[in-house]
Structure formats: structure tokens, C-alpha cells
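The primary structure of each chain is shown beneath.
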Amino acid sequence: MHPTTQMLENARERVTFPIEELTKLIYVNEEIYETFMKAQKIIANEPTIRNHPDYHNWSRKQQIIKSYEKLRIMHQHFNLANAVHWAPLLSIFQGTTPTAVSFAMTVPALRFLGTDEQFNLWGPKFLTMEIVAAYAQTEIGHGSDVQNLETTATYDPQSNDFILHTPSVSAVKFWPGELGFLSNYALVYAKLIFNGKNKGVHPFMVQIRDNFTHKTLKGVTVGDIGPKLGYSTKDNGFLAFDNYRIPLNSMLARYVRIENGQFSRHGNEKISYASMMVSRQLIIFIYPRMAAQALTVAIRYSITRQQFTNDKGVENSVIEYQTQQDKLLPRLATCYGMIFTGIRIMQLVDDNFHRVQKKDFSTLQQSHAILSAIKAYSSQWVVDTTEWCRLSCGGHGYAHYSGIPAAYFDTAPNVTLEGENQVMYLQVARYLLKVLQYAEKNPEKVPFYFSFVLQIKDTLNNKDLSNINTQLGYLLKLSLTIQLIQVGKRIKDLMNTGKTFQQVWNEHVGIHLLSLAQRYAEYFIYLVFQEYISNANSSVKDILQSLCDLYCVQTILDNSSTLIESGQITQEQLKSLNELKIELFTKIKPQAIGLVEAFNFNDNALRTCIGCHDGKPYEYIYDWATKENSVNKVPQAVIDLMGTKIKPKL
Ligand SMILES: Cc1cc2nc3c(=O)[nH]c(=O)nc-3n(C[C@H](O)[C@H](O)[C@H](O)COP(=O)(O)OP(=O)(O)OC[C@H]3O[C@@H](n4cnc5c(N)ncnc54)[C@H](O)[C@@H]3O)c2cc1C
């Protein structure tokens, strides 16, 4: 057997838990698992869409053409209207999927904000690709601050329609995905002007290109915004309107209507949160799985990669170095927490949708707060994790052939899109402070995942930390509770000095609010992790508990300042936590290969040559560099120049 294949096989033999039990937890149910496995196989066997080692040598235009071929082939195999079908695919394709925005952002908005008639009019056309529609909210001048968008939709009572207009450069729609050249429609967010009055920002379903020729319609200016970090095949676009007339029915009218020349509002406007939940939920569900891909590559490579000789004259695998374990094992542990949280969030969102459909909005705000916290926390964690995986693979991690740089830039935009993370955190902090305010008088109104607010006194008084290593969940709750109390008090104190709430919020407590929301996300992930451990098969409870403990201990150590400053833990206790972390490394390291292989990615899905199932990183990377690297085939012009024309000036 090849020596590095043997090293992986030896590592596999040391795994002591049944890997398939974890695979079952990761893939939720048979249907999702089967779909995912089938998709991996189809993609690996289909030359047009399988990983192409030379992909990153191609121009952006070539990559875009490939992505459109991919779209055609995907339609032959998968039902893109069904999230179970396409959601798992996002993590295993090279480059982004061309219609993800249309399906994951625009269709949900149409479903939640449009009337049934409007959904029935446009919805089925998405399935046949007669309509591909960008979600056009952000403008050059405003993104997070939706209420200050400048595009106007002025109601014209004479013709009973709207005039859509872009009054300035800052009002040009900028960034929407699939707008550059793919979409023939856009869901445009514009300020409704009715009888000269601003009635707020609302969505309008607008045709921007001809259905047959795909040419831009008169009064519309649209195109691609240019190259960016990764995301090369996504045609993020710009869009401007010049007094462009659109019919009355363009305005999504479930909650606002113009009928017989009268404007009216209906139902709960907070429903707009519901449409955003779909895409945020997908970010939370899918992208930790891309971190899992990077971890699979990094851990396999770390087992096969040898540097420096030990006392016995044998070269060490780099995974044996404690610093290498420190780069990878806490992230591997957290990855499990993130994936479980992604599944739990899907269930919460599902439950919320069923309620909303019955006009029960009781879980809307708490779901929005949880989603915002976890979207922000997990998206940043995914990007950081892919970067640490890259670092852990040394020089070869820097090569696109490792599969890791693309994992980094395919996930990086999630920190900004679908709600900029810090803005999300601030909304979470606002919700937590609101719960704190009403908890004492109305404890029954406090949602389950916020019930720590009802236990504040107990939490602060439970000082028995004699065996701190068994109190990890409690420490996360304590840290969160202290942050909440402190920030609440800080706001009150500052307002007592005469400052307005707005001043205090924007200028004096921002970093504390952020920290509060992050501690909430960490505690939520812990709660979900615990739920999974309680329900897991006994054969994997032990390994899951070790992962959860490592997640907790690393999180506590990373943010220990709150607990130290408030005198809740001593230096000795901190030392004990550090020792626990090392003990957990010893326990988890031999299981690491099983833990990443439970994700069950095939080599094609990993897009790697240094983290393949059979090892052999050196053979494959040399093979790809020499045989798959098109740059080696075109240097005649360079040779000519070097040979004749470039003469150094002496
Ligand atoms: C790859 C990509 C794809 C995208 N796709 C789409 C799409 O399909 N459709 C669409 O409509 N848009 C899309 N966007 C735009 C995206 O939604 C916005 O960029 C995002 O919402 C952030 O808004 P912004 O750019 O205005 O950032 P800003 O809000 O201007 O942020 C700039 C900085 O200001 C800070 N900041 C802003 N407000 C506050 C505050 N109140 N308190 C404290 N700090 C604050 C932020 O934290 C950040 O650090 C996409 C963006 C990217 C990068």
C-alpha cells in the first residue's frame, strides 16, 4: 500500500465509534442523505460539472459560461424548486449556483409578501425558468438601512400604475446577485409615493428584460458590477430606472394594497422577517458544511504530512504537534455544534412558517432574533475556520488545488450579505434587552431559548465552581447573563447622564452589545449540542460529549475576560480549563479522521488533491501541476519574449 494511504488507514483503524451513527445525525433524514449522496455521485461523474483542476486559471467569462452549462445540467437531474434537492448541492459545486438568489430569496419573498393570486401568477414560472428574478434591495448609497432606500415608485392615479425611478447615483441598485445578466425580472424594493406621501419601502415585481430576446427593456439600465472576492460566476449587478412604468399588480400586496385609488395596510408588517428567514436559514444550514469540507482536507493532510524527526528517528505527522491540534480540533468540535444548530434552526423556521400561515405571529420575533444571532456567528466562524484550515496545510494550503482557498472565498460574502453581521448582532442585543425588560412582569412570555433570562438570580448565585470542568454550560450561561446585566445597567447609567437612547446605543455601548449577542449565539449552540447528545445513540454519546466540552472550553477561554473581570473565576480555575482542553485534544485526536469522514464528502466534492480519501497528496499535486495546469501549455509568447525582445538595460 502507498505509505500515505497506509497512514490514513492506520488512523482509520484507531477510530472507536461507529462513524455511520454521526453521519445519520449530520444528514437529518434518509431523504436528505440519499439526495446528497446521489448528487455527489452525479456531479463527480458528469464532465461538465465535476471539479476541474484548471478552473482557477480560467477567465471570469469562461467560468461564467461553465456555470451556465452547470445550470442546464442541474435542471436535468435535480428539482431546483425543492430545497432538499438543491441545498446540499451548494457545498459541493465548483463556483456558486446560478439561480440560488432567485430560488432562495425572491421566491420566498413572493410567497410571503405577495397575495395568493400574485404567487400563482409568477411562482410556477420560476420552476420552468420563464422567470429568473434578482432580489434588488441594496443601492449604492444604502444597504443595511433599508428605510432610507431612494428608488421611488410613485403611484399615478390617472393611469392606475406606478412610475419607478432612480433619482440619483446613490439610488442605483447595486450588488443583487443574478441581476447582471441572468434575470429577466427583479423584485425591486422602492419607496412608495402615494398622493405625494412616502408610504415606506415595499417590493415590486418588475420585468427588466424581454422574455424572448433577453434584451434590456426601454427605461431600464442593468449590468454586472465587476470582479470581487471570489464569487466570480455570480453576476451581482446594477440596475437603474428612468421613469419606468409598471402595472399596479407589480406591488406585492399581501400587507399593503392600493384598491380603488385608496392605500391600505393589512396584517402584521413584521412578516417581512419571514421571507428573509429562508435565505438566512440556508446560510446557517449549508455553509458550516463547507467548513466541514475544509476540515476534512486539513485533517487528512495533517495525518499524511510529515515534518521533523522524533526521538525514535521517525518523522512526525504534523497532526501530532499540539499547535496543529489547537488549529484544528476546537474547530472540528465546533463544526458539529454548528451543523446541529443548522438543523435545529431549520426546524424552528419550519414551525414558525406553519404558524405564520395560520396568522399566528407569536414566534416570529424570537425566530428572527435566533436566526440573526446564528447567521452572524456561524458565517464568521465558517470563514475563520477555512482560513485556519488553509494555514494548517502550510504552502500547499495556499494552492487552489488544495480546495481550501475557494472554500474561503465562497463563504466570505455571507458575513456581509443577507444582513451585515454586526448590524444583525445589534438587532439581537435589542431583542435580548427587550426580553430582560418584560421577563419579571411576564415570565410566561419569555420564549424557551431565552429562558436564561428567568434564571438570572440563580445563575449569579450559583458560585459552586469547585469542579469547574463539569460546569462548562453553566459558565457560558453565566458569561451571557453578566453581559446582559452589565449592558442593561450601562445603558441606564449613561441615559441618566442626559444622553439620549440613540446616542448611548450608537456611540457608547456598541461593542458591549456585540459581545452580548455573540455570547447568546454561543449559549444557543451549546443548548442545541446538548439536545443532540441527549437524543443520540449511546455508541456516540461519549464522543459527542467530548466535542461539546471542547467547544465550550475553547469558547470560554476565548472570552474569559468577562468572567475574570467580574471575579467569577480565579486564575487556578482558568488553569484547570486549559488543562481540560489539552485532555480533550488527547481524547479527540485519534477520532479526528472518523469525525471528518462522517461528513462523507467524496474527493470531487472536496475539490482537493491534498485531502483525498486515499491520501497521496504529493503525487496528486504534482500530477495536477504538471498535467492539469493550462498555464504550462501557453508560454510560447513568453518564450519568444524572453529569447528575443526583453533585453535588460545594462
Ligand atoms: C456577494 C454579495 C451579494 C449580495 N447580494 C445581494 C442581493 O442579492 N440583493 C441585495 O439587495 N443585496 C445584496 N448584497 C448587498 C448586501 O445585502 C449589503 O452589502 C449588506 O446588507 C450590507 O449593507 P451595506 O453594504 O450597506 O453595508 P453598510 O451597512 O454600509 O456597512 C458598512 C459598515 O458600517 C457598519 N454599520 C452599518 N450600520 C450600522 C449601525 N447601525 N451600527 C453600527 N454599525 C453599522 C457595518 O457593520 C459595516 O462595518 C450583496 C452583497 C454581497 C457582498
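Cut-offs and rules
- Residues numbered from 1 in each chain as written.
- Predicted model: local features only at pLDDT ≥ 70, side-chain atom pairs only at ≥ 80, totals over all residues.
- Heavy atoms only, no water.
- UniProt positions renumbered as here; feature names shortened; annotations may be inferred.
- Helix = DSSP H or I, 4+ residues; strand = E, 2+ residues; numbered from the N terminus.
- Buried < 20%, exposed > 50% of the residue type's maximum accessible area, 1.4 Å probe, protein only.
- Contact = heavy atoms within 4.5 Å.
- Areas by Shrake-Rupley, 256 points an atom, 1.4 Å probe, with all protein chains shown as cover.
- Lys, Arg positive; Asp, Glu negative; His and termini not counted.
- Charge placed at Lys NZ, Arg CZ, Asp CG, Glu CD.
- Core = buried A, V, L, I, M, F, W, Y, C linked by side-chain atoms within 4.5 Å.
- Salt bridge = Lys/Arg side-chain N within 4 Å of Asp/Glu carboxyl O.
- Near = heavy atom within 4 Å.
- Polar contact = N/O pair within 3.5 Å; in protein donor to acceptor, adjacent residues only side chain to side chain.
- Expected span 1.5 Å × (residues − 1).
- Bend = angle between axes of the 7 residues up to and from the residue.
- Axes fitted to C-alpha atoms, helices over the stretch in contact; angles between N-to-C directions.
- Parallel < 35°, antiparallel > 145°, perpendicular 65-115°, else oblique.
- Left-handed = near helix turned anticlockwise from the far one by under 90°.
- Nonpolar A, V, L, I, M, F, W, Y, C, P; charged D, E, K, R; others polar.

Named according to an unreviewed UniProt entry, the protein is Acyl-coenzyme A oxidase originating from Paramecium pentaurelia. In the Catalytic activity (unreviewed entry) part of its UniProt record, the protein is described as follows: "a 2,3-saturated acyl-CoA + O2 = a (2E)-enoyl-CoA + H2O2".

Novice: Quick question: what am I supposed to make of the overall build of the protein here?
Specialist: Looking only at helices and strands, the protein features 24 helices and 13 strands. If you line up the protein on its principal axes, its C-alpha atoms span 90 × 80 × 60 Å. Counting every position in the protein, which comprises 650 residues, the buried fraction comes to 55%. Looking at the protein alone, contacts between residues at least 24 apart form 74% of all its contacts between residues at least 6 apart. When the accessible surface of the protein is totalled, it reaches about 28800 Å², and 53% of it is carbon and sulfur. Separation of charge centres in the protein, based on 64 positive and 59 negative side chains, amounts to 4 Å.

Novice: I keep staring at the nonpolar core and nothing clicks. Help me out?
Specialist: Most often, soluble globular proteins keep nonpolar side chains buried together rather than apart. In this structure, Tyr336 and Tyr520 are the most contacted members of the largest nonpolar core, which totals 172 residues. A total of 19 residues in this core trace back to one element, the largest contributor, which is helix α8 (residues 272-304). Those residues within four positions of Tyr336 in sequence are excluded, and the remaining contacts are Leu22, Ile26, Phe529, Leu544, Leu547, Leu595, Ala598 and Phe599. With 25 residues, the next largest nonpolar core counts Ala186, Val222, Tyr244 and Val256 among its residues.

Novice: In this structure, what is going on with the pattern of salt bridges? I would like to understand it.
Specialist: Side-chain pairing between opposite charges can occur once the charged atoms of the two side chains come close. A complete count under the given rule lists 23 salt bridges for this structure. The salt bridge involving Asp542 is made with Lys587; its shortest N-O contact spans 3.8 Å. Taken together, the positions of Asp542 in helix α18 (residues 538-558) and Lys587 in helix α20 (residues 571-588) put the pair 45 residues apart, joining distant regions of the chain. For Lys587, a relative accessible area of 43% translates into the label partly exposed. Connected through salt bridges with shared partners, the residues Glu9, Arg12, Arg300, Glu597 and Asp603 form a single ionic network.

Novice: Honestly, the site of the ligand in this entry has me stumped. Any pointers?
Specialist: Inspection of the region around the ligand gives 19 residues, with Tyr135, Gln137, Thr138, Ser144 and Glu420 positioned closest. With respect to the ligand, the backbone of Gly143 contributes an N or O atom lying 3.0 Å from an oxygen atom. Glu420 places a polar side-chain atom, nitrogen or oxygen, 2.7 Å from an oxygen atom of the ligand. Considered on its own, the ligand offers 970 Å² of accessible surface; in the complex 64% of this is hidden by protein. At three residues, helix α13 (residues 421-439) tops the list of elements feeding residues into the shell around the ligand.

Novice: Is there a simple way to explain helix α6 (residues 100-113) in this structure?
Specialist: Because each turn of an α-helix spans 3.6 residues, side chains separated by three or four positions end up pointing in the same direction. End to end, α6 covers 19 Å across 14 residues, agreeing with the expected 20 Å (1.5 Å per residue, within 8%). When the local axis directions of α6 are compared, the greatest deviation, roughly 30°, occurs at Thr106, which is followed within four positions by the proline Pro108. For α6, a buried count of 13 out of 14 residues is recorded, marking the element as mostly surrounded by other parts of the structure.

Novice: How do you make sense of the packing of helix α10 (residues 364-392) against α13 when you look at a structure like this?
Specialist: When two helices pack together, their arrangement is given by the angle between the helix axes and the distance between those axes. At a closest axis distance of 9 Å, the pairing of α10 and α13 adopts a crossing angle of 140°. Classified by the angle between their axes, α10 and α13 sit oblique to one another. The two elements α10 and α13 meet at a crossing, and its hand is left-handed. Every residue of α13 that contacts α10 at Gln365, Gln366, His368, Ala369, Ser372, Ala373, Lys375, Ala376, Tyr377, Ser379 and Gln380 is listed here: Asn421, Met424, Tyr425, Gln427, Val428, Tyr431 and Lys434. Of the residues belonging to the contact of α10 with α13, the class tally is eight nonpolar, eight polar and two charged.

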